[in-house]
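# Topology and contacts: notes
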Amino acid sequence: MIRIARGAEPRGLKTAARRRLEAAVRVFNAHGGPSEALTAMLDGYNARATKLALYKAQHEKCAWCERETDFSSSPVEHYRPKDGAWRHLPGEKGRVDAGHYWWLTWTWSNLLFSCARCNDAGHKANYFPLRAGTGPAAVPAAPVPLPPPEPLAGVSAEHPLLIDPAGGEDPLDHITWVPTSKSFDRRDWIWTPLGLTDEGDATIAVLKLGELADRAQGHVRTKLLPSVEEMEEHLSAGRVQSAHRRWTRLLEDNLAPAAPLSAFTWHALHYLVPAAYRRQHGLADPTRPGAPRGAGR
Ligand SMILES: [Zn+2]
């Protein structure tokens, strides 16, 4: 997972958001709170232009697992779930806030493009755990005035455990990948995601990122190691310039915004080409993939 910059809100979404939120508020007010009728109205956030804007901003990759993802079969995902928030983690006793966060269904800063795996019921689903000892944002109380105030209910004081790839923080600081089984041959190392923070742990658990271990190993075998070995051959033959060129191209190709699994690559390269080896041969440090700091929102 890398930092994402969504860019400007599509104009069509802005218009639809106002219209649909107002209609939802009328139903909310009529029922005096959330209802099945309200739930039935929580759609229309995934117009083609909205999805395409997210798809392009995310360089055609899933916001969560960073795999290249097919446009047509993949969903628009809500960072804060639109129809009830699960505060527990997978395997824990269920704690659900049923009234959260219907009013963010059409909010640009709450939308992401995701692969079907990461979005499905066994992964992100409606999980939205908060840091222990902190509470959720207050839900809107009926009757909500019309036109609805913006924002209808603020969420900025919440302390989510799920990392927001477009929230400004760098996911690289929360989740790393380590080789947990280091056989002699680097091709056979088994890679595991590891939380560096509570947020990292929770995000790995919710998205079951450990399931991507085979994918990570395949990436090392087919994308990274062939280039690393070529570079090493140049170095051992004394072709320093060729080695440096190979290394530079490896970094450019695999840490570019559109490169699949670039967060994994960044972490993996620290084991495949360790800092001491890089220093010894004057090889540049890998630069962090993802949108620049401050470009998250
Ligand atoms: Zn995914």
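Summary of the structure given here. Predicted, not measured: the structure shown is a model, and the values here were computed from it. (Residues numbered from 1 in each chain as written. Predicted model: local features only at pLDDT ≥ 70, side-chain atom pairs only at ≥ 80, totals over all residues. Heavy atoms only, no water.)

## Observations concerning the overall build of the protein
Secondary structure summary: the protein contains nine helices and six strands in total. Across its three principal directions, the C-alpha atoms of the protein cover 75 × 40 × 30 Å. Counting over 297 residues, the protein shows a buried share of 49%. Relative to all contacts within the protein whose residues are 6 or more apart in sequence, the contacts with residues 24 or more apart total 73%. (Helix = DSSP H or I, 4+ residues; strand = E, 2+ residues; numbered from the N terminus. Buried < 20%, exposed > 50% of the residue type's maximum accessible area, 1.4 Å probe, protein only. Contact = heavy atoms within 4.5 Å.)

## Re helix α3 (residues 48–57)
Among the residues making up α3, those that are buried are Thr50, Lys51, Leu54, Tyr55 and Ala57. Buried positions along α3 lie against α1 (11–31), β1 (76–78) and β4 (111–113). Looking one or two residues past α3, His59 carries a phi angle of roughly 55 degrees, positive in sign.

## Quick look at the nonpolar core
Trp64, Trp102, Trp103, Trp191, Trp247, Phe264 and Leu272 are the most contacted members of the largest nonpolar core, which has 80 residues in total. Mapped by element, the contributors of at least two residues to this core are α1, α3, β4, β5 (175–181), α5 (198–207), α6 (213–236), α7 (240–254) and α8 (262–272). Looking at which domains feed residues into this core, each of domain 1 (1–163) and domain 2 (171–281) supplies at least three. In contact with Trp191, other than residues within four places in its own chain, are Trp177, Val178, Pro179, Ala213, Ala216, Gln217, Val220, Phe264, Ala268, Tyr271 and Leu272. (Core = buried A, V, L, I, M, F, W, Y, C linked by side-chain atoms within 4.5 Å. Domains from an automatic or database assignment.)

## Here we look at unusual backbone geometry
The step from His100 to Tyr101 runs through a cis peptide bond, and the omega angle for that step is -15 degrees. Mapped onto the elements of the fold, Tyr101 is located in the loop between β3 (96–97) and β4. With an omega of -5 degrees, the peptide bond between Leu146 and Pro147 qualifies as cis. Positionally, Pro147 belongs in the loop between α4 (116–119) and β5. For Ala125, which is not a glycine, the phi torsion comes out positive at approximately 40 degrees.

## Side note on empty space enclosed by the protein
Here the structure, examined in full by the defined rule, presents one cavity of 30 Å³ or more. Roughly 140 Å³ of internal volume is contained in the largest cavity. Every residue lining the largest cavity is counted, 14 residues in all, and those nearest its centre are Met1, Cys65, Trp177, Ala263 and Phe264. Counting residues per element, the ones that place at least two in the lining of the largest cavity are β5, α6 and α8. When grouped by side-chain class, the residues that make up the lining of the largest cavity number 12 nonpolar, no polar and two charged. Residues lining the lining of the largest cavity come from more than one domain, with at least three contributed by each of domain 1 (1–163) and domain 2 (171–281). (1 Å grid on protein atoms, 1.4 Å probe; cavity = no way out; pocket = protein on both sides within 12 Å on 5 of 7 lines; lining within 4 Å. Points joined across faces, edges and corners; volume = space filled by probe spheres on them. Nonpolar A, V, L, I, M, F, W, Y, C, P; charged D, E, K, R; others polar.)

## Some remarks on the layout of surface pockets
For the largest pocket, the calculated volume is near 980 Å³. Forming the boundary of the largest pocket are 38 residues, of which Leu104, Thr107, Ser109, Asn110 and Val155 lie nearest the centre. Tallying contributions element by element places α1 first for the lining of the largest pocket, with five residues. The residue inventory of the lining of the largest pocket, partitioned by class, reads 17 nonpolar, nine polar and 12 charged.

## Concerning the coordination of the zinc ion
Protein-derived ligands of the zinc ion are Cys62 (SG), Cys65 (SG), Cys115 (SG) and Cys118 (SG), with the metal-ligand distances lying across 2.3 to 2.4 Å. Every donor counted, the four donor atoms about the zinc ion form angles of 102 to 113 degrees at the centre, which fits tetrahedral coordination. One chain supplies every donor to the zinc ion, and in sequence these donors are spaced C-x2-C-x49-C-x2-C. Placement of the pair is Cys65 in the loop between α3 and β1 and Cys115 in the loop between β4 and α4, with a sequence separation of 50 residues. Note on accessibility: Cys65 and Cys115 belong to one class, buried. (Donors = N, O, S within 2.8 Å, 3.2 Å for Na, K, Ca; no water. Tetrahedral: all angles 85-135°; square planar, octahedral: opposite > 155°, others 65-115°.)

## Examining the environment of Ile175
Inspection of the secondary structure puts Ile175 in strand β5. On the accessibility criterion, Ile175 (8% relative accessible area) is buried. Spatially, the C-alpha atoms of Ile175 and Ala202 are 10.0 Å apart, while their sequence positions differ by 27 residues. When near neighbours in sequence (up to four residues on either side) are disregarded, Ile175 contacts Met1, Ile163, Pro193, Leu194, Leu196, Gly200, Thr203, Ile204, Leu209 and His267.

## So, the packing of aromatic side chains
Given two aromatic rings, their pairing is described by the distance between the two centres and the angle made by the two planes. By the definition in use, this model includes 13 aromatic pairs. With 5.0 Å between their ring centres and 90 degrees between their planes, Tyr79 and Phe128 make a pair best called edge-to-face. Of this pair, Tyr79 sits in the loop between β1 and β2 (85–86) while Phe128 is found in the loop between α4 and β5, placing the two residues 49 residues apart along the sequence. Exposure remark for Phe128: the relative accessible area of 0% places this residue in the buried category. By the ring-pair criterion, three or more aromatic residues cluster together here, those being Phe28, Tyr79, Tyr101, Trp102, Trp103 and Phe128. The ring of Phe71 carries the charged tip of Lys51 above its face, separated from the ring centre by 4.8 Å. (Phe/Tyr/Trp six-rings, centres within 6.5 Å; stacked < 30°, edge-to-face > 60°. Lys NZ or Arg CZ within 6 Å of the ring centre and 35° of its normal.)

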